[in-house]
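# Chain and residue survey
So you can see what is in the structure, the chains are spelled out below.
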Amino acid sequence: MIRKKLIAGNWKMNKTSSEAADLVSAIVAQVGKANDVDVVVCPPFTSVESVGQTLDGSSVKLGAQNMHPERNGAFTGEISAEMLRSIYVRYVILGHSERRALFGETDAFINQKVLSALKAELKPILCVGESLEEREAGSTLDVVKNQLEGGLVGVEESNATDVVIAYEPVWAIGTGKVATSEQAQEVHAFIRKLLGERFTPAIGNKVRILYGGSMKPGNAPELLAQADIDGGLIGGAALEARSFVQLVEAAQAAN
Ligand code: 13P
């Protein structure tokens with residue numbers, strides 16, 4: 001197995017601290033010893049630290065949903081990589097399509113975050129993906145290429161395998177419309193080829209590429225069976241322990 005599968009839950013703006021505590025306890029009880037798959041949970045900032053305390057001693061890792069590229073300073077409402085690192089966060093989602101669309105994040109800004117995350121020894125989960133209009137216009141691969149290359153400017157070969165890419169077609173997020181396994185595999189293979197060109201083919205083969213967009217226990221086995229799909233970035237189905245655990249099990253079965 002060159003690439004260990006990874007299942008990451010993006011809780012988005014859901015769960016109060018006490019709801020987060022219930023969810024993470026149930027996850028730890030069921031998959032807290034899983035070692036054949038990397039499992040990551042990304043709660044909202046208000047419960048990152050407390051969820052991390054519950055994860056202590058388990059194999060489930062802590063992630064965050066965003067960060068600011070600067071180390072500190074007058075950036076009201078923002079959180080830095082160092083702050084996340086100091087509470088044992090290991091992964092950070094960057095460039096999610098909701099941040100791009102609703103908060104105006106550009107590839108250049110996302111790139112600064114990727115570089116700051118790597119410097120602080122956080123593993124960035126860099127999200128890329130086309131909108132419905134872009135897919136219908138036939139520009140999916142161009143959009144993905146620009147977002148990928150724009151997000152990775154200045155990343156050194158020595159850090160490249162710490163980066164995780166998430167392909168999330170915008171039209172599949174929260175809509176119940178999942179990309180077919182062929183549609184997803186086509187883009188994943190394209191991303192891997194680009195990574196091979198940007199770094200080296202060996203690095204391209206090691207970087208994990210997750211699929212995100214209405215991934216559920218019912219459609220996960222087929223997606224996870226594709227050659228270049230190394231796991232999932234899960235929204236809705238990560239908000240219930242039962243479906244999230246089933247997704248971890250699907251990744252274990254796909255090994
Ligand atoms: P859904 O699984 O709810 O479609 O969300 C996917 C996503 O945006 C994960 O980051």
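Right above here is the structure, for reference.
First, a word on scope: everything that follows refers to the structure included in this document.

This next bit is on the side chain of asparagine 219. Looking at the element boundaries, asparagine 219 is found in the loop between strand E7 (208-211) and helix H11 (220-224). For asparagine 219, the residues in contact, after removing those within four places along its chain, are Val178 and Ser214.

Turning our attention to unusual backbone geometry. Although it is not a glycine, lysine 15 adopts a positive phi angle of roughly 85°. In this fold, lysine 15 is placed in the loop between strand E1 (6-10) and helix H1 (17-31). Since its relative accessible area comes to 26%, lysine 15 is described here as partly exposed. At tyrosine 88, a residue that is not glycine, the phi angle is positive and equals roughly 70°. Looking at the secondary structure, you find tyrosine 88 in the loop between helix H3 (81-86) and strand E4 (91-94). Relative accessible area serves as the criterion here: at 67%, tyrosine 88 is assigned to the exposed category.

Between helix H7 (residues 140-151) and helix H9 (residues 181-198), the least distance of the axes is 11 Å, while the angle of their chain directions is 40°. By the angle between their directions, the pair H7 and H9 is classed as oblique. The crossing of H7 and H9 is right-handed. The residues of H9 that touch H7, namely those facing Thr140, Leu141, Val144, Lys145, Leu148 and Glu149, are Glu186, Val187, Phe190, Ile191, Leu194 and Leu195.

A few words on the packing of aromatic side chains. This structure, assessed with the given rule, holds one aromatic pair. The ring of phenylalanine 103 carries arginine 99 above its face, with NZ or CZ at 4.1 Å from the centroid.

What follows covers the nonpolar core. Counting residues in hydrophobic clusters, the biggest one holds 68 residues, and the most contacted among them are Trp11, Ile27, Ile165, Ile191, Leu195 and Tyr211. Ranked by the residues each element gives to this core, the list is headed by helix H12 (residues 241-253), at seven residues. When neighbours within four sequence positions are excluded, isoleucine 165 is seen to be in contact with Leu126, Val128, Leu148, Ile191, Leu195, Val207, Arg208, Ile209 and Leu210.

Looking now at the pattern of salt bridges. Tallying each qualifying case throughout the model produces 15 salt bridges. A salt bridge links lysine 4 to aspartate 38, with the shortest nitrogen-to-oxygen separation between them at 3.4 Å. Highlighted residues: lysine 4 in the segment before E1 and aspartate 38 in strand E2 (residues 38-42), separated in sequence by 34 residues. A relative accessible area of 28% places lysine 4 in the partly exposed class. Note that aspartate 230 is salt-bridged to arginine 192, the shortest N-O span being 2.8 Å. Here the residue aspartate 230 occupies a position in the loop between H11 and strand E8 (231-234), and arginine 192 occupies one in helix H9, the gap between them amounting to 38 residues. Both residues of the pair, aspartate 230 and arginine 192, belong to the buried class. Salt bridges linked by common partners bring Arg3, Arg192, Asp228 and Asp230 together as one network.

Scoring rules and cut-offs
- Residues numbered from 1 in each chain as written.
- Predicted model: local features only at pLDDT ≥ 70, side-chain atom pairs only at ≥ 80, totals over all residues.
- Heavy atoms only, no water.
- Helix = DSSP H or I, 4+ residues; strand = E, 2+ residues; numbered from the N terminus.
- Contact = heavy atoms within 4.5 Å.
- Buried < 20%, exposed > 50% of the residue type's maximum accessible area, 1.4 Å probe, protein only.
- Axes fitted to C-alpha atoms, helices over the stretch in contact; angles between N-to-C directions.
- Parallel < 35°, antiparallel > 145°, perpendicular 65-115°, else oblique.
- Left-handed = near helix turned anticlockwise from the far one by under 90°.
- Phe/Tyr/Trp six-rings, centres within 6.5 Å; stacked < 30°, edge-to-face > 60°.
- Lys NZ or Arg CZ within 6 Å of the ring centre and 35° of its normal.
- Core = buried A, V, L, I, M, F, W, Y, C linked by side-chain atoms within 4.5 Å.
- Salt bridge = Lys/Arg side-chain N within 4 Å of Asp/Glu carboxyl O.

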